[in-house]
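The lines below spell out each chain.
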Amino acid sequence: MAIALAAAAGWVWRCLCNFPAHGWNEVRLLPSFMWAHGVSPYPLPQGGPATSWIYGPLPLALDLPATLATDASGGLLIAGVINLMVTLLAIAAVCAWWRTPNGSPSGGSRLIAGLVCVALWPTASLEYLQADNAAVAFGLLALLCLQESDEPGARWLAAAACAAAIACKQTLLTLAFAQCLYVGVRGNIRAAIDQGLRILSLTAAVFGLAAVAFGVAGTVFHILILPAKLPWAASIIGRLTEVWPQLLAQTGLPIAVLGLLGRQVWHRDSPWLLPALAWATAWPLDLLPLFKNGGSSNSLHSALFFLPAAATLLATQGKGANLWRTGLAMLATALLAFRLGGTTPGTWRPLSAHLRQGEFLARNLPGEIYFPWHPLVTYCAERRFDHTEDGLFMRWLAGQPVAGRAIAAYLPPRFHIVAFLRQELDWGLARSLIPPEAQRTEFGLWTLYSWPPAAPAGSSDPPPHG
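It should be emphasised that the depicted structure is a prediction, and the values quoted were computed from it without experimental measurement.

S.K.: Mind showing me how you'd approach the packing of aromatic side chains here?
M.R.: Geometrically, a pair of aromatic rings is defined through the distance of the ring centres and the angle of the planes. Overall, the coordinates contain 15 aromatic pairs when judged by the stated rule. Look at W53 and Y55: their rings are 5.1 Å apart centre to centre, the planes differ by 85°, and that puts the pair in the edge-to-face class. Neither residue differs from the other here; W53 and Y55 are each classed as buried. Measuring from centroid to centroid gives 6.2 Å for W373 and W427, while their planes differ by 55°, and the two rings are tilted. One end of the pair, W373, is in the loop between β1 (369–370) and α19 (375–382); the other, W427, is in the loop between β2 (417–421) and β3 (439–443), and 54 residues separate them in sequence. One aromatic cluster in this structure is built from W24, W373, F393, W396 and W427. Here the guanidinium or amino end of R431 rests over the ring plane of F420, the centre of that ring lying 4.1 Å away.

Written out as structure tokens, the structure reads:
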């Protein structure tokens, strides 16, 4: 267990070190900076810098402490710590307090359950800033509150946590259905309806406050219109082929456990019932965004609702407890050792050298250089919010492209340089702004394309490439 605990600490630290390396995390953190500095994170379709934030407001609020940083590296590291703590604290809460049939087992058993969860948790959830992370964390708290007591107070807490999950990502509506189904099984239809009304009223209150704070039109555009207008993936089979390992993990492990348990899961007093319902009901809205253009495996939440409770119940089994604990501790150690074995030596310190180099460029070329995937570099150096390429691309995909003047309004005022981090993914939109005569130079980890300031910056409504 001690070895597993040390390996888990090493793995979590490694994920934090990688966090600043991903431009995606800057793009996701930008709306929190916008909110903190008086710019709506839900701008109108042709007003404000384009971002790809199409989720609820709560993750943005959680990341507000990161906006106190004075540089991009500090902001990302604070956000990385918040991202890890949100997930790890939710796992710890479930593993510490999930009700078990044999009373209150030892803390060691529950610690082993938590280590198993860390070992099996998707790397992307620990390394990338995603609305899904906070949504799953609040969802786990909602399950914990609901299974703890049938009292109205506990059900209000469960409803509040469920509303918070939906205010992180809209597809967590399935969690509300799981709650109502569970309450109905344990009580009656009237109790299920009451729980649904609790969740509905609290969710409406959160989104209503967001609409008042940020404007109804912009909030509705980002939370409802843009997601609905995103096209479906060109090939459903192709998308399934891309994510089959994650699909297998999300289905295989829960099915194996529930199959072994059999009938003892499906009765009103079973401690397995609620996580089993949360897993089973999550699938429709897990798969829907997965099959949208741009969807990925981060949309799969079902097994994450099941895992902490299942690991706790297995680790605290009364019969053969020592065998279960030993087996789970060995499993956690083996998985974490495997993950750490693939870690390169350079990832044991925060990967933020490129951010310092980028801020140096931005301070020495004020109003001239555009970072399509690193907007915090621009903000921390120049106190200016530019369009993100991901935001422009999402608008284009949804058939709501940003028009010419609105593009120019949120690019550098004397725009004639584009900076890309080498070997980083881009959508080709910013590259289409680069004229053919542009010169390419290298600076540290960056590739710069520059041209005389008077040269045209490209078409006002560029088509994407790739």
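Text resumes after the structure shown.
S.K.: Got a minute to help me understand the packing of helix α10 (residues 189–214) against helix α11 (residues 216–229) in this structure?
M.R.: Helix-helix packing is characterised by the crossing angle of the two axes and by the distance between the axes. Close contact between α10 and α11 brings their axes to 6 Å; oriented N to C, the two are set at 125°. As summarised for this structure, α10 and α11 are arranged oblique, according to the angle between their axes. Contacts between α10 and α11 involve F207, A210, A211 and F214 from the former and V216, T219 and I223 from the latter. The residue inventory of the contact of α10 with α11, partitioned by class, reads 6 nonpolar, 1 polar and no charged.

S.K.: What should I look at first to understand the pattern of salt bridges in this one?
M.R.: Where charged atoms of side chains with opposite charge meet at close range, the side chains can pair. Throughout the structure, instances matching the rule amount to 12 salt bridges. The residue D132 makes a salt bridge to K169 at a minimum N-O spacing of 2.6 Å. Of this pair, D132 sits in helix α7 (residues 131–148) while K169 sits in the loop between α8 (152–166) and α9 (173–186), and the two are 37 residues apart along the sequence. A salt bridge links R422 to E442, with the shortest nitrogen-to-oxygen separation between them at 2.6 Å. Highlighted residues: R422 in the loop between β2 and β3 and E442 in strand β3, separated in sequence by 20 residues. Looking at E442, the relative accessible area reads 43%, which means it is partly exposed. Within this structure, R186, R268 and D269 form a network of salt bridges that share partners.

S.K.: Would you explain the side chain of Q250 in this entry?
M.R.: Assignment of secondary structure puts Q250 in helix α13 (residues 244–261). Apart from residues no more than four positions distant in its own chain, Q250 is found in contact with W279, W283, L300, H301, S302, A303 and L304.

S.K.: Help me understand the sheet that holds β2, please; the structure alone is not making it clear to me.
M.R.: Note: strands within a sheet are paired through backbone hydrogen bonds, in either parallel or antiparallel orientation. In spatial order, the strands read β1-β2-β4-β3; together these 4 strands make up an open sheet with mixed pairing. Of all the strands in the sheet, just β1 and β3 have a single pairing partner and so form its edges. Both β3 and strand β4 (residues 446–450) contribute to a ladder of 5 bridges, which runs antiparallel. From the neighbouring strand, E442 faces β4, where its bridge partner is T447. Each of β1, β2, β3 and β4 touches helix α18 (residues 353–364); the most contacted strand, β4, lies at about 25° to it.

S.K.: Honestly, the environment of G218 in this entry has me stumped. Any pointers?
M.R.: In this structure, G218 sits in helix α11. Taking C-alpha positions, G218 is 50 Å from M330, a pair spaced 112 residues apart along the chain. Setting aside residues up to four positions removed in sequence, G218 forms contacts with Y42, P43 and L44.

S.K.: How should I be thinking about unusual backbone geometry in this particular structure?
M.R.: A positive phi angle is found at R383, which is not glycine, with a value near 55°. With respect to the helices, strands and loops of the structure, R383 is situated in the loop between α19 and α20 (389–397).

S.K.: Teacher, can you tell me more about the nonpolar core here?
M.R.: Across soluble globular proteins, nonpolar side chains have a tendency to be buried as a group. Of all hydrophobic cores here, the largest spans 94 residues; its most connected members are W98, W121, L175 and W272. Residues L29, A362, F371 and Y379 belong to the second largest nonpolar core, which totals 25 residues.

S.K.: Which parts of the structure should I look at to understand the environment of W13?
M.R.: Relative to the assigned elements, W13 resides in helix α1 (residues 2–18). Taking C-alpha positions, W13 is 24 Å from W373, a pair spaced 360 residues apart along the chain.

S.K.: Would you mind showing me how to read α7 here?
M.R.: Counting along an α-helix, one turn takes 3.6 residues, and residues three or four places apart therefore face a common direction. With 18 residues, α7 extends 26 Å from end C-alpha to end C-alpha; this agrees with the ideal 26 Å at 1.5 Å per step. For α7, the tally of buried residues reaches 14 of 18 residues, placing the bulk of the element in the interior.

S.K.: What is the right way to look at the confidence of the model for the chain in this model?
M.R.: The predicted coordinates should not be examined in detail at positions where pLDDT is low. In this model, the chain carries an average pLDDT of 90, and 95% of its residues clear a pLDDT of 70 or more. The low-confidence segment residues 455–460, where pLDDT is below 50, has 13 contacts with residues more than four positions distant or belonging to other chains. Below a pLDDT of 50 lies the segment residues 462–466, which in the model reaches 13 contacts outside its immediate sequence neighbourhood of four places, other chains included.

S.K.: How do you make sense of the pairing of β2 when you look at a structure like this?
M.R.: In regular strands, side chains alternate between the two faces of the sheet. Taking burial as the measure, the 5 residues of β2 include 5 buried ones, the bulk of the element. Every second residue of β2 is oriented toward a common face, with I417, A419 and L421 on one face and V418 and F420 on the other, all of them buried. Bridge count between β1 and β2: 2 bridges; the pairing is parallel. Bridging from a neighbouring strand, Y370 pairs with V418 of β2. Direction of pairing for β2 relative to β4: antiparallel, over a ladder of 5 bridges. Bridging across to β4, I417 finds its partner in S450.

S.K.: Mind showing me how you'd approach the side chain of T174 here?
M.R.: Topologically, T174 is positioned in helix α9. Given a relative accessible area of 11%, T174 falls into the buried group. Once you skip the residues sitting within four places of it in the chain, T174 turns out to touch T281, A282 and L285.

What counts as what
- Residues numbered from 1 in each chain as written.
- Predicted model: local features only at pLDDT ≥ 70, side-chain atom pairs only at ≥ 80, totals over all residues.
- Heavy atoms only, no water.
- Phe/Tyr/Trp six-rings, centres within 6.5 Å; stacked < 30°, edge-to-face > 60°.
- Buried < 20%, exposed > 50% of the residue type's maximum accessible area, 1.4 Å probe, protein only.
- Helix = DSSP H or I, 4+ residues; strand = E, 2+ residues; numbered from the N terminus.
- Lys NZ or Arg CZ within 6 Å of the ring centre and 35° of its normal.
- Axes fitted to C-alpha atoms, helices over the stretch in contact; angles between N-to-C directions.
- Parallel < 35°, antiparallel > 145°, perpendicular 65-115°, else oblique.
- Contact = heavy atoms within 4.5 Å.
- Nonpolar A, V, L, I, M, F, W, Y, C, P; charged D, E, K, R; others polar.
- Salt bridge = Lys/Arg side-chain N within 4 Å of Asp/Glu carboxyl O.
- Pairing = 2+ DSSP bridges.
- Core = buried A, V, L, I, M, F, W, Y, C linked by side-chain atoms within 4.5 Å.
- Expected span 1.5 Å × (residues − 1).
- pLDDT = per-residue confidence, 0-100.

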